[in-house]
Amino acid sequence: GIAIYDAADDAWRHIDRNSGLAAPDARRIAVVGDREQIWVASDEGVTVAAGSDSTFYDSGNSPLAADRVGALLALDDGVVWLGGEGALYRVEDEEWTVYAAGEVAGDFPEELITGLARAPDGSLWLGSSDAAVCRFDVEQERCADYFAGDDGMAAGPLTNLFVDASGSVYYTTAGNGYAVYAGEEW
């Protein structure tokens, strides 16, 4: 499950299968606004906790092609991005948009997306478990930049991705260190 600490009230709140989570494994978390929604990703789908109610999405009741969700990103405007198996999902007001390998133009990660980050310039970066990294252009619905196996890139599995205030992209791996892209080379 997940534990939430409210510093203002100096109190903890625990959410598990008995109190709203649909799956016992909590892999990633994203919070919309001031806890209006808490998105919890698992290998069985994603739970959206909102107040005392929870909604569960999996491949049976949503556009998710597979139940495993490897990354979450909540933006200030309430849009939530989910990384799936070879697919990127955009959710806004319960409207889902799917960007999938084989359906978008050009190169796109085909493995589980395990890292999502928003850059200061508004661009969306994603990385997949096999360490393919993409700067995704939402308007053009494609990867504007795509990197896989380039010199200086750490071998996967990619575990997380981060973009700092200057726009440099970092990703970590499970056992192979990390890599940094500052706009010219890894």
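Above this text sits the structure in question.
Description of the structure in this document. (Residues numbered from 1 in each chain as written. Predicted model: local features only at pLDDT ≥ 70, side-chain atom pairs only at ≥ 80, totals over all residues. Heavy atoms only, no water.)

**Here's the deal with the sheet that holds strand E16 (residues 169–173)**
Then step 1. Strand order in the open sheet formed by three strands is E15-E16-E17, with antiparallel pairing between adjacent strands. With one partner strand each, in any of the chains shown, strand E15 (158–163) and strand E17 (178–181) form the two edges of the open sheet. This sheet shows a mean twist of 15° between the axes of neighbouring strands, independent of strand direction.
Then step 2. Pairing geometry for E16 and E17, over four bridges, is antiparallel. Bridge assignment links Thr172 to a residue of E17, and that residue is Tyr178. (Pairing = 2+ DSSP bridges. Helix = DSSP H or I, 4+ residues; strand = E, 2+ residues; numbered from the N terminus. Axes fitted to C-alpha atoms, helices over the stretch in contact; angles between N-to-C directions.)

**Comments concerning unusual backbone geometry**
Then step 1. In this structure, Pro157 follows Gly156 across a cis peptide bond, with omega equal to 10°.
Then step 2. Within the secondary structure, Pro157 sits in the loop between strand E14 (142–147) and E15.
Then step 3. Here Arg35, not a glycine, exhibits a phi torsion of approximately 65°, which is positive.
Then step 4. Its location among the elements puts Arg35 in the loop between strand E3 (28–32) and strand E4 (37–42).

**Some details on the packing of aromatic side chains**
Then step 1. All chains considered together, the criterion is met by 14 aromatic pairs.
Then step 2. Taking the centre distance of 6.0 Å and the plane angle of 75° together, the rings of Phe108 and Phe136 count as edge-to-face. Taken together, the positions of Phe108 in the loop between strand E10 (95–100) and strand E11 (113–118) and Phe136 in strand E13 (residues 133–137) put the pair 28 residues apart, joining distant regions of the chain.
Then step 3. What makes Phe108 buried here is its relative accessible area of 5%.
Then step 4. Plain terms: the ring middles of Phe147 and Tyr181 are 4.7 Å apart, the flat faces sit at 50° to each other, and that makes the pair tilted. Separated by 34 residues along the polypeptide, Phe147 in strand E14 and Tyr181 in strand E17 bring together distant segments of the chain. Each member of the pair, Phe147 together with Tyr181, is buried. (Phe/Tyr/Trp six-rings, centres within 6.5 Å; stacked < 30°, edge-to-face > 60°. Buried < 20%, exposed > 50% of the residue type's maximum accessible area, 1.4 Å probe, protein only.)

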